[in-house]
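So the chains spell out like this:
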Amino acid sequence: MTSAKNRRLALVTGAGRGIGRVIALTLAGRGFSVAVNYHNSATAAEELCGELAASGVDAKAFRADVSRAEDVASLFRAVEDSMGAVQVLVNNAGITRDNLLMRMKTEEWNDVVAANLNSVFYCTKEAIRGMVRARWGRIVSIASVVGLVGNAGQANYSATKAGIIGFTKSVAREYAARGITANVVAPGFIETDMTGILKENVRAAMLGQIPAGRMGSPEDVAGAVAFFASDESEYLTGQVLAVDGGMTMC
Ligand code: NAP
């Protein structure tokens, strides 16, 4: 097993719960040290780090609202000071504020853009300098299949997820020659708090569109992230991998 000193460091945003939590656990299981970012889920994030530390993984929790540039700057300083340079960045944090366009408030638009898209810009910009210095880095951002195909009631959310894809392809082109890859994992319909709030008829309609016949699990998403975080994916950059049970196939 890799010694704690030789482990690569992964920072996962929004890792206190949901998909981010399972990404952190999965990366830890694959030999990474993990910086666990959270915003409101302090207890869950501390418990996760305790669980990881008990199995010999270097893991620490860091509070930051990644929709705020100042918070992200402080987050990276704190991580670098206590754990070292971030070698793998997983942009996972995200929110929904669903509404039909005619009813969508400017605040619902701005909140989603700040949490889902501005955060990816702030975090990636902070991470890239160290990656360039190391001539190695992995940036994996969690978008959504709705960023590819759209979704009624989610114009704000879909726009941010499409934005992440365009952003990632540009970053991939800028840094491919420096040993840094930037890729997107686009989940379909995954069982977490985010989808737990959906009404039963909406869930049934979604399920009817999934050839695999089931919702995805956070583990399904985490497996794809771990692949993009690994040395095995060295020659893949600017890619969008849909983890959706065959729902979109585009
Ligand atoms: P979730 O269960 O609602 O969890 C959201 C996570 O994001 C929480 O850990 C939350 O942290 C964090 N977060 C939100 N705003 C933040 C901020 N400003 N700063 C820091 N952390 C913030 O959602 P999920 O289903 O795990 O979703 C994770 C990612 O997958 C999101 O990007 C989402 O858009 C994407 N996704 C999910 C699905 C799905 O079906 N579930 C499908 C496609 C894409 P705190 O709890 O600490 O506040």
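Just so you know, these numbers come straight off a predicted model, no measurement behind them.

*Asks:* Explain the pairing of strand β4 (residues 88-91) to me, using residue names and the numbers behind them.
*Replies:* Along β4, one buried face is formed by Val88 and Val90 and the opposite face, lined by Leu89 and Asn91, is buried too. Here three bridges tie strand β1 (residues 9-12) to β4, and the two strands are oriented parallel to one another. Counterpart to alanine 10 in the pairing with β4 is valine 88. The sheet contact formed by β4 and strand β5 (residues 137-142) spans four bridges and is parallel. Residue pairing across strands places valine 90 opposite valine 140, the latter belonging to β5. In this fold, the crossover linking β4 to β5 by way of helix α4 (residues 106-134) has right-handed handedness.

*Asks:* Before we move on, can you summarise the site of the ligand with the specific residues and values?
*Replies:* Near the ligand there are 30 residues, and of these Arg17, Ser41, Asn92, Tyr157 and Thr192 occur at the shortest range. Take asparagine 40: an N or O atom from its main chain is 2.9 Å from an oxygen atom of the ligand. The backbone of isoleucine 190 places a nitrogen or oxygen atom 2.8 Å from an oxygen atom of the ligand. Summarising the interface, the protein chains cover 95% of the accessible area of the ligand, which totals 880 Å² for the free molecule. If you tally residues by element for the shell around the ligand, the top one is helix α7 (residues 193-196), at three residues. Each residue belonging to the shell around the ligand can be placed in one class, and the counts come to 13 nonpolar, 13 polar and four charged.

*Asks:* Residue-level account of the sheet that holds β1, with values.
*Replies:* Strands belonging to one sheet form pairs held by backbone hydrogen bonds; the direction of such a pair is parallel or antiparallel. Read across the open sheet, the seven strands follow the order β3-β2-β1-β4-β5-β6-β7; overall the sheet is parallel. Two strands lie at the open edges of the sheet, namely β3 (59-63) and β7 (240-243), each paired on one side alone. If you compare each strand with its neighbour and ignore which way they point, the axes differ by 20° on average. In this sheet, β3 lies alongside strand β2 (residues 33-38) in parallel orientation, the contact comprising five bridges. Residue pairing across strands places tyrosine 38 opposite arginine 63, the latter belonging to β3. Sheet contacts for helix α1 (residues 18-29): β1, β2, β4 and β5; angle to β1, the most-contacted strand, approximately 175°.

*Asks:* Could you give me a rundown of the pairing of strand β6 (residues 180-187), with the residues and numbers involved?
*Replies:* Of all the eight residues making up β6, eight are buried; the element is thus mostly covered by neighbouring parts of the structure. In this sheet, β6 lies alongside β5 in parallel orientation, the contact comprising six bridges. Bridge assignment links isoleucine 139 to a residue of β6, and that residue is alanine 182. As defined by bridge partners, β6 adjoins β7 across four bridges and the pair is classed as parallel. By the bridge assignment for β7, valine 185 is matched with leucine 241.

*Asks:* I'd like a description of the state of the cysteines, backed by residues and values.
*Replies:* What the rule picks out here adds up to zero disulfides. For cysteine 123, which is in no disulfide, the shortest distance to another cysteine sulfur is to cysteine 49 and amounts to 17 Å. By relative accessible area, cysteine 123 is classed as buried at 1%.

*Asks:* Provide a residue-level description of the nonpolar core, including the pertinent values.
*Replies:* Counting 35 residues, the largest nonpolar core has Val12, Ile23, Leu27, Val90, Val185, Val221 and Val225 as its most contacted members. Elements with a contribution of two residues or more to this core: β1, α1, β2, α2 (42-54), β3, β4, β5 and α9 (218-229). At seven residues, α9 tops the list of elements feeding residues into this core. In contact with valine 185, other than residues within four places in its own chain, are Val140, Ser141, Ile142, Ala143, Val221, Ala224, Val225, Phe228, Leu241 and Val243.

*Asks:* Which residues make up unusual backbone geometry, and what values go with them?
*Replies:* The phi dihedral of arginine 135 falls on the positive side, at around 55°, and the residue is not glycine. Relative to the helices and strands, arginine 135 is located in the loop between α4 and β5. Arginine 135 gets classed as exposed once you look at its relative accessible area, which sits at 52%. Of note, the phi angle at methionine 249 is positive, near 50°, even though the residue is not glycine. Turning to its location among the elements, methionine 249 is positioned in the segment after β7.

*Asks:* Account for α1, naming residues and giving values.
*Replies:* When the terminal C-alpha atoms of α1 are compared, their 17 Å separation across 12 residues agrees well with the 16 Å that a helix rising 1.5 Å per residue should span. In this structure, the buried side of α1 is in contact with β1, β2, α2, β4, β5 and α9. Glycine 31 occupies a position one or two residues after α1 and carries a positive phi of about 100°.

The rules behind each value
Residues numbered from 1 in each chain as written. Predicted model: local features only at pLDDT ≥ 70, side-chain atom pairs only at ≥ 80, totals over all residues. Heavy atoms only, no water. Buried < 20%, exposed > 50% of the residue type's maximum accessible area, 1.4 Å probe, protein only. Helix = DSSP H or I, 4+ residues; strand = E, 2+ residues; numbered from the N terminus. Pairing = 2+ DSSP bridges. Right-handed = clockwise from strand over helix to strand, strands pointing away. Near = heavy atom within 4 Å. Polar contact = N/O pair within 3.5 Å; in protein donor to acceptor, adjacent residues only side chain to side chain. Areas by Shrake-Rupley, 256 points an atom, 1.4 Å probe, with all protein chains shown as cover. Nonpolar A, V, L, I, M, F, W, Y, C, P; charged D, E, K, R; others polar. Axes fitted to C-alpha atoms, helices over the stretch in contact; angles between N-to-C directions. Contact = heavy atoms within 4.5 Å. Disulfide = S-S within 2.5 Å. Core = buried A, V, L, I, M, F, W, Y, C linked by side-chain atoms within 4.5 Å. Expected span 1.5 Å × (residues − 1).

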